[in-house]
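Architecture and fold: a report
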Amino acid sequence: MVGYDPEARCVSSVEAAAAGSASGLVSRVFVSPLDVIKIRFQLQIEQLSSRNPGAKYHGILQAIQRIFQEEGLAAFWKGHVPAQFLSVGYGAVQFMAFESLTKLVHNVTSYDARDSFVHFVCGGLAACTATVSVQPVDTLRTRFAAQGEPKIYRNLRHAVVTMYQTEGPRTFYRGLTPTIVAIFPYAGLQFSSYNILQQFSEWVMPAEGKKGGNIKNLVCGSCAGIISKTLTYPFDVFKKRLQVGGFEHARAAFGQVRTYRGLLDCIRQIMREEGPGGFFKGLSPSLLKAAVSTGLVFFWYELFCSLLCALKSTDNATRKEG
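Where an unreviewed UniProt entry is consulted, the chain appears under the name Mitochondrial thiamine pyrophosphate carrier, with the organism given as Eurystomus gularis. As recorded by UniProt, the Sequence similarities (unreviewed entry) comment attached to the chain reads in full: "Belongs to the mitochondrial carrier (TC 2.A.29) family." Listed under Subcellular location (unreviewed entry) in UniProt, the entry text for the chain is "Mitochondrion membrane".

Written out as C-alpha cells, the structure is:
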C-alpha cells in the first residue's frame, strides 16, 4: 500500500496526505516521551555515565526518574503541540510526495514503482520536501523539549515572537543543513527497507502474511526504523545541537553549553571534546523511538489507507445499486 501500486490504484495523493497526517498524529502521542529523553541526551555535553559527576543524565531509566521528579509527568510531553504540528504536516507532505513521485516514476520511466531503489530515491526526495516545509516547527519543538525550569517560553506564540524578535527569521531554520544531508538517506533507507522487508515477509509466509497484515506492517516498519536511524544518527545530533544555538541560557541547568558557528565547527568540537561516542549520544532512546514511531507510522498509514479504500469500495457499490 505504501507507494504507487499500478495494480491497486486505490489511494490518491490527497488521500495519502490525509492518511499520512493521521498516522503522524496518532504515533506522536506514544513517542513523545522517548523524543524528550533523546533530545536531552543529545544536548548533554558531559558523558552519559554515572561515573561522571557533572552529568545530569546517565541512562534511560535514570533520566525518566529525574525528569519526573524535577519537572513532573507533563515534562515528557514538553513541546507536544509543535511536535503534533510537525508530525501532522510532515506525514501529510511526505506520503503525498512519495505517492506522487512513485507514480511519476512509473508513468515516465521504465522503472517499476515497487522497486526498492525507486522507493529509496522517492522516499529521500519526499522527506526533503517535507523537512523544508516543517523545519520551523521542528526547531520550536526542540526548544520546548530542551528548556528546563523556569521556562523561557510560556507558550507557542510567545516562543515564535521571542525567537523572531531576538534572533531573526533565520533562527527557525537552524540545523537545516545537517537535517537535509541526513534525511535523504534516512528516509530513503526507511522506505526501501520497509519495501524489502515486506517483500521478504510475503516470500517467507505468503499465506500467513495476509492474515496478520497489520502486525507484519508494524514489525517491518519497526525494523526499517532501526536500520535507517542507526546509519544516519550522527546528523540528528548535529541538528539538535545547532537548533539550540542562541538558546544557551535556558540550558545552564543541564550542565555545560557550547556555541557552534556551523555544521563543520559542530562536528569538530564534538569530536575534540566528546570523542566519537559524542556522535551517538542518545542512540538508545533514539533507536527505541525509531522502532516505535516508524512501526506505528507505517502501521497506521496502511490501516488508514485500507479504511479509505474500503469506504470508496462501499460508495461505489452503493452507487451501482442505486
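Don't stop here, the text continues.
**Section: the overall build of the chain**
Regarding its fold elements, the chain presents ten helices and zero strands. Mapped in sequence order, the helices and strands of the chain form the string α-α-α-α-α-α-α-α-α-α. Expected size for 322 residues packed as a compact globule is a radius of gyration near 20 Å; at 21 Å, the chain falls within 12% of this value. In terms of overall dimensions, the chain has a C-alpha envelope of 70 × 40 × 40 Å along the principal axes. Burial analysis of the chain (322 residues in total) assigns 50% to the buried set. Accessible surface for the chain amounts to roughly 15200 Å². Of this, 64% is attributable to carbon and sulfur atoms. Of the charged side chains in the chain, 34 are positive and 23 negative, and the gap between their average positions amounts to 7 Å.

**Side note on the UniProt feature "repeat: Solcar" (unreviewed entry) in the chain**
Within this numbering scheme, the UniProt entry marks residues 11–104, 114–200 and 212–307 as carrying the feature "repeat: Solcar" (unreviewed entry). When the span residues 11–104 is considered, its composition is 72% helix and 0% strand, and the gap between its end C-alpha atoms is 15 Å.

**Considering the nonpolar core**
Grouped together as the largest cluster of nonpolar side chains are 19 residues, with contacts concentrated most on Val2, Phe95, Phe98, Phe191, Tyr194, Phe298 and Tyr301. Only α1 (13–43), α3 (80–108), α4 (116–146), α6 (176–204), α8 (213–243) and α10 (283–321) provide two or more residues apiece to this core. Ignoring anything within four residues of it in the chain, the contact list for tyrosine 194 reads Val2, Leu189, Asn217, Cys220, Gly221, Ala224, Phe298 and Glu302.

**Considerations on the environment of alanine 127**
In this structure, alanine 127 sits in helix α4. Excluding its chain neighbours within four sequence positions, the residues that come into contact with alanine 127 are Tyr90, Gln94, Ile183 and Ala187.

**Notes on helix α2 (residues 60–71)**
The end-to-end C-alpha distance of α2, which contains twelve residues, comes to 16 Å, matching closely the 16 Å that a straight helix rising 1.5 Å per residue would cover. Along its buried surface, α2 packs onto α1. In the stretch just after α2, glycine 72 is the one whose phi turns positive, near 85°.

**Side note on the packing of α4 against α6**
Where α4 meets α6, the axes come as close as 7 Å, and the angle between the chain directions of the two elements is 140°. The angle between α4 and α6 places the two elements in the oblique class. α4 and α6 meet at a crossing whose hand is right-handed. Among the residues making up the contact of α4 with α6, the classes are represented as 15 nonpolar, ten polar and no charged.

**A word on the confidence of the model for the chain**
Within the chain, residue pLDDT values average 84, and 90% of them lie at 70 or more. No element of the chain has a lower mean pLDDT than helix α7 (residues 206–211), which averages 56, and none a higher one than helix α9 (residues 263–274), which averages 91.

**Topic: the packing of α3 against α6**
Two numbers describe how α3 lies on α6: the axes approach to 13 Å, and their chain directions differ by 65°. Here α6 runs roughly perpendicular to α3, going by the angle between their axes. Considering the relative orientation of α3 and α6, their crossing is right-handed. Across the interface between the two elements, Tyr90, Gln94, Phe95 and Phe98 from α3 touch Ile183, Ala187, Gln190 and Phe191 from α6. Tallied by class, residues from the contact of α3 with α6 come to six nonpolar, two polar and no charged.

**Comments concerning the packing of aromatic side chains**
Scanning the entire structure with this criterion turns up 14 aromatic pairs. Ring geometry for tryptophan 300 and phenylalanine 304: centres 5.8 Å apart, planes at 25°, overall stacked. Here tryptophan 300 pairs with phenylalanine 304, and both are found in helix α10, just four residues apart, close to one helical turn. The exposure class of tryptophan 300 is partly exposed, given its relative accessible area of 21%. Of the aromatic side chains, those joined through ring pairs into one cluster are Phe95, Phe98, Phe191, Tyr194, Phe298 and Tyr301. Across from the ring centre of tyrosine 186, 4.7 Å away, lies the NZ or CZ of lysine 229, which sits over that ring.

**A look at helix α5 (residues 156–167)**
Here α5 spans 16 Å end to end across twelve residues, near enough to the 16 Å set by a 1.5 Å rise per residue. Every buried residue of α5 is listed here: His158, Ala159 and Met163. Buried residues in α5, looked at end-on, bunch into an arc of 120°, giving them a common side. Counted as exposed and oriented over 90 degrees from the buried face of α5: Arg157 and Gln165. Residues of α5 that are buried sit in contact with α4. For α5, the N-terminal cap is asparagine 155; the gap from its side-chain oxygen to the backbone nitrogen of arginine 157 is 3.3 Å. Immediately downstream of α5, the backbone of glycine 168 shows phi near 90°, a positive value.

What counts and how
Residues numbered from 1 in each chain as written. Predicted model: local features only at pLDDT ≥ 70, side-chain atom pairs only at ≥ 80, totals over all residues. Heavy atoms only, no water. UniProt positions renumbered as here; feature names shortened; annotations may be inferred. Helix = DSSP H or I, 4+ residues; strand = E, 2+ residues; numbered from the N terminus. Rg over C-alpha atoms; globule rule 2.2 N^0.38 Å. Buried < 20%, exposed > 50% of the residue type's maximum accessible area, 1.4 Å probe, protein only. Areas by Shrake-Rupley, 256 points an atom, 1.4 Å probe, with all protein chains shown as cover. Lys, Arg positive; Asp, Glu negative; His and termini not counted. Charge placed at Lys NZ, Arg CZ, Asp CG, Glu CD. Core = buried A, V, L, I, M, F, W, Y, C linked by side-chain atoms within 4.5 Å. Contact = heavy atoms within 4.5 Å. Expected span 1.5 Å × (residues − 1). Axes fitted to C-alpha atoms, helices over the stretch in contact; angles between N-to-C directions. Parallel < 35°, antiparallel > 145°, perpendicular 65-115°, else oblique. Left-handed = near helix turned anticlockwise from the far one by under 90°. Nonpolar A, V, L, I, M, F, W, Y, C, P; charged D, E, K, R; others polar. pLDDT = per-residue confidence, 0-100. Phe/Tyr/Trp six-rings, centres within 6.5 Å; stacked < 30°, edge-to-face > 60°. Lys NZ or Arg CZ within 6 Å of the ring centre and 35° of its normal. Arc of directions from axis to C-beta. Polar contact = N/O pair within 3.5 Å; in protein donor to acceptor, adjacent residues only side chain to side chain.

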